[in-house]
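Single-letter residue listing:
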Amino acid sequence: MNQSTALAVVGGDIRQAHLAGLLCGDGHTVRTFALERHPVAGCAAAGDPRSCFADVQAIVLPMPVLHGSDRLNAPLSSASYALADILDAIPPGTLTLAGAVPFWVHARAVQNNLRMVDYLARDELAIRNAVPTCEGALQLAMEQTDRTIQHARCLVIGCGRIGAMLARKLQALGAAVTVSARAPRDFARIESAGMTHLDTRHLAGQLAGFDLIFNTVPAPILGAAELADLTPGCCIIDLASLPGGIAPDAAPPEGCRMLHALSLPGKVAPRSAAHAIYQTICTIFQEEGLL
């Protein structure tokens, strides 16, 4: 970044604190709010949102921006804040960045004349986030099972960025990997990589024998029929964003476990995850003419 700007970094987990430090290290004037449990050297901590947002060129809200139905995601804050109140405190016209922005937040931003950008929707961030997500999934698999990944029978549901990368990493560790997808071109890619494929639309009766199942599809594709024939001891690691891949009325058979692993980049590699966000928002700043 080649020019100094005044920025506000608000809420979020340890990723957001690292992000504030990166921006401050670039020479920008950075104020923080709702990060008081993790003070950031060189950044001024504001006591209220309006003073934090005064005269800044851009505001970076957390990823995800929302906790529950209406609160700012701020686990490092000593207080709880209504997200609507935070948005209402932002001066009209201010560039406002946030991650995983629900429709009502976009609508409130339009109502308040804010320039809202969802940085999680950017392809470059999704690609960069795939690495810590996959590494975190492997870490969970090692911690939650009593066997090695080598020779484990693994199913990866979904062949997008995360699914394809995770399948390759599992294969490199010596697992017997099956990948489920929907498109014939994905079936061809899976086969050409030396893996077996399944059709995601027809998983019922196909899941017996797997030791590990990783889901990357954010839709309830695993219902009672799909889970009925799981092998005892099978562990399902759901990497998909809410609502996840397990139907609400479905449960794995006795002896099988299910983990919903949300926000793995922020949990297993927060510094790397913060750098990925930093690179993405720097590009947005350039596109918006701030740099």
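These figures come from a predicted structure and were not determined experimentally. Counting restarts for each chain: residues are numbered from 1 in the order of the written sequence. At least 70 in pLDDT is required for a residue's local features to be given in this predicted model, at least 80 for side-chain atom pairs to be given and counted, and no such filter applies to totals for whole chains, interfaces and linings, which use all residues. Hydrogens and waters are ignored; side-chain quantities use all the structure's heavy atoms.

Q: Can you tell me about helix α6 (residues 161-172), naming the residues and giving the values?
A: Helix and strand labels come from DSSP, where a helix needs a run of H or I of at least four residues and a strand needs a run of E of at least two; each type is numbered from the N terminus. Any helix carries an expected span of 1.5 Å times its number of residues minus one. Its 12 residues place the ends of α6 17 Å apart at the C-alpha level, agreeing with the 16 Å of an ideal helix rising 1.5 Å per residue. Here's how the labels work: a residue is buried when its accessible area is under 20% of the maximum for its type, exposed when over 50%, partly exposed in between, all with a 1.4 Å probe on protein chains only. Looking at α6, one finds that the buried residues are Gly163, Met165, Leu166, Ala167 and Leu170. With its phi angle positive at about 95°, Gly174 sits one or two positions after the end of α6.

Q: Just give me the short version of the pattern of salt bridges, but keep the residues and values in it.
A: For this analysis, a salt bridge means a side-chain nitrogen from Lys or Arg found within 4 Å of a carboxyl oxygen belonging to Asp or Glu. Tallying each qualifying case throughout the model produces 10 salt bridges. One salt bridge connects Arg147 with Asp211, and the closest N-O pair in it is separated by 3.6 Å. In this pair, Arg147 is assigned in the loop between α5 (123-144) and β9 (153-157) and Asp211 in the loop between β11 (196-199) and β12 (212-215), connecting sequence segments 64 residues apart. Judged by its relative accessible area of 12%, Asp211 falls in the buried class. Arg201 is paired through a salt bridge with Asp199; the nearest N and O atoms lie 2.9 Å apart. Judged by relative accessible area, which is 18%, Asp199 ranks as buried. One connected set of salt bridges, linked through shared partners, spans Arg122, Glu124 and Glu287.

Q: Give a detailed account of the sheet that holds strand β7 (residues 95-98), specifying residues and quantitative values.
A: One open sheet holds the six strands; their spatial order is β3-β2-β1-β4-β7-β8, and the pairing between them is parallel. Either end of the sheet is taken by a strand with one partner, and the two such strands are β3 (44-45) and β8 (115-118). Pairing geometry for strand β4 (residues 58-60) and β7, over three bridges, is parallel. Looking at β7, one finds that Ala58 is bridged to Leu95. Residues are treated as being in contact if the distance between any of their heavy atoms lies within 4.5 Å. Helix axes use the C-alpha atoms of the stretch in contact, all axes being lines fitted to C-alpha atoms, and the angles between their N-to-C directions lie in the range 0 to 180 degrees. Across the sheet, helix α1 (residues 14-25) is in contact with β1 (6-10), β2 (29-33) and β4; its angle to β1 comes to roughly 170°. We treat two strands as partners when DSSP finds at least two bridges between them.

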